[in-house]
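# What the coordinates show
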Amino acid sequence: MNSILFPVLYSAIAGSATLIGLALVLFAEKFIKRYSFGVVSLAAGVLMGTAFFHILPEALELTGENVFFWALIGFAVFFLVEAFVGFHACKEEEEGKGHSHVLGPVAIIGILFHSLLDGIAIGIGFELDFTLGLITAAAVMIHELPEGVFTLSILLHSGVKVKKAVLWTVFVALATPIGTLLTLFLAPDLTEANLGILLAIAGGSFLYIAASDLVPESHKSRSLPTAAIMIAGLILMYGISSLE
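Cut-offs used in this document
Residues numbered from 1 in each chain as written. Predicted model: local features only at pLDDT ≥ 70, side-chain atom pairs only at ≥ 80, totals over all residues. Heavy atoms only, no water. Helix = DSSP H or I, 4+ residues; strand = E, 2+ residues; numbered from the N terminus. Buried < 20%, exposed > 50% of the residue type's maximum accessible area, 1.4 Å probe, protein only. Contact = heavy atoms within 4.5 Å. Areas by Shrake-Rupley, 256 points an atom, 1.4 Å probe, with all protein chains shown as cover. Phe/Tyr/Trp six-rings, centres within 6.5 Å; stacked < 30°, edge-to-face > 60°. Core = buried A, V, L, I, M, F, W, Y, C linked by side-chain atoms within 4.5 Å. Patch = residues over 30% accessible without salt bridge, like charges linked within 9 Å, V, L, I, M, F, W, Y side chains within 5 Å. Salt bridge = Lys/Arg side-chain N within 4 Å of Asp/Glu carboxyl O.

## Describing the overall build of the chain
What the chain contains, in helices and strands, is 8 helices and 0 strands. Written out in order from the N terminus, the α and β elements of the chain read α-α-α-α-α-α-α-α. Out of the 244 residues in the chain, the part that is buried amounts to 43%. Contacts in the chain between residues far apart in sequence, at least 24 positions, make up 83% of those at least 6 positions apart. Accessible area for the chain stands at about 12500 Å²; split by element, carbon and sulfur atoms hold 72% of it.

## Digging into the packing of aromatic side chains
All told, the structure shown has 8 aromatic pairs when counted by the stated rule. Ring geometry for Phe53 versus Tyr238: centroids 5.2 Å apart, planes at 70 degrees, classification edge-to-face. In this pair, Phe53 sits in helix H2 (residues 29-63) while Tyr238 sits in helix H8 (residues 224-243), placing the two residues 185 residues apart along the sequence. For Phe53, a relative accessible area of 30% corresponds to the partly exposed category. In this structure Tyr238 comes out as partly exposed when scored by relative accessible area, which is 48%. Both rings, one in Phe75 and one in Tyr208, keep their centres 5.0 Å apart while their planes meet at 85 degrees; by these two values the pair is edge-to-face. Of the two residues, Phe75 sits in helix H3 (residues 67-94) while Tyr208 sits in helix H7 (residues 192-219), which places them 133 residues apart along the sequence. Residue class for Phe75 comes out partly exposed when judged on its relative accessible area of 30%. Residue classification places Tyr208 among the buried residues on the basis of a relative accessible area of 5%.

## Overview of the nonpolar core
Soluble globular proteins tend to bury their nonpolar side chains together. Ranked by internal contacts, the top residues of the largest apolar core, which has 38 residues, are Leu47, Met48, Ile122, Leu199, Phe206 and Leu214. For this core, the secondary structure elements donating two or more residues are H2, H3, helix H4 (105-128), helix H5 (130-157), H7 and H8. Among the elements that take part in this core, H7 stands out by supplying 11 residues, more than any other. Those residues in contact with Ile122 that lie beyond four places of it in its chain are Pro7, Ser11, Ala14, Gly133, Thr136, Ala137, Val140, Thr176 and Thr180. Counting residues in hydrophobic clusters, the runner-up holds 5 residues, among them Val25, Val149, Leu152 and Ala165.

## What to know about the side chain of Ser205
Structurally, Ser205 can be placed in helix H7. Ser205 sits in the buried class, given a relative accessible area of 2%. Not counting chain neighbours up to four residues away, the residues in contact with Ser205 comprise Gly74, Phe75, Phe78 and Leu117.

## A closer look at the environment of Thr136
For Thr136, the position within the fold is in helix H5. With 126 residues separating them in the primary sequence, Thr136 and Tyr10 have C-alpha atoms 9.8 Å apart. Not counting residues up to four positions away in its chain, the partners in contact with Thr136 are Ile55, Ala121, Ile122 and Phe206.

## Points about a nonpolar patch on the surface
Where nonpolar side chains cluster on the molecular surface, the patch consists of Leu5, Phe6, Leu9, Ile13, Ile20, Phe130, Leu134 and Met141 and spans about 640 Å² of accessible area. Within the residue set of the nonpolar patch, elements represented by two or more residues are helix H1 (2-27) and H5. Looking at which element gives the most residues to the nonpolar patch, the answer is H1, with 5 residues. Among the structural elements, Leu5 can be located in helix H1. Residue class for Leu5 comes out partly exposed when judged on its relative accessible area of 43%.

See below:
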């Protein structure tokens, strides 16, 4: 029972960061505007560090040379999801629907899929090693904070009523522990090589989120402190791997 309880608990805590982001948008807009670039930069550094120093090395031990192929698959899957969402958005804008595209089911599915994969990464991490699970959960928590801000903000910006936007954001938060729970139930039927493949895909997705979403957003601040925070996130994750 404990083997399921702790991973789901830590996954729920990680997913709750989305709800913290939600609360900040609703009740602390000035705080968000002041510190958002710093949070995003830290999340970028932690995600990249987690992928390079923890997830991919562990996957390499389990799967061998194929880890880079599967990491690329994870990277490509997220690229295609976002590209499809972007295509859907442009098509609706051309049809005169303005910003209503973010309300479409494709965009919501993309966000939910992202959070579900976060939960799967946490579940695989705990299945392989308790420390790896904790590190993955921490990385997810740090980057889901700006994700909560982003999810609620774009929904409200699109004219969605507050209650409905909050409800969708809660669903996004719940997808993380659900992904962990599903993984823990399926993991006993998977070989080490299969677990390594899933871990490599998760690592690729972490790299895509950092490189495509977080780093470009961080660059908007054009400040040395923001860049230093991202480097600090990388150094932090490297330091943790060295201690291991």
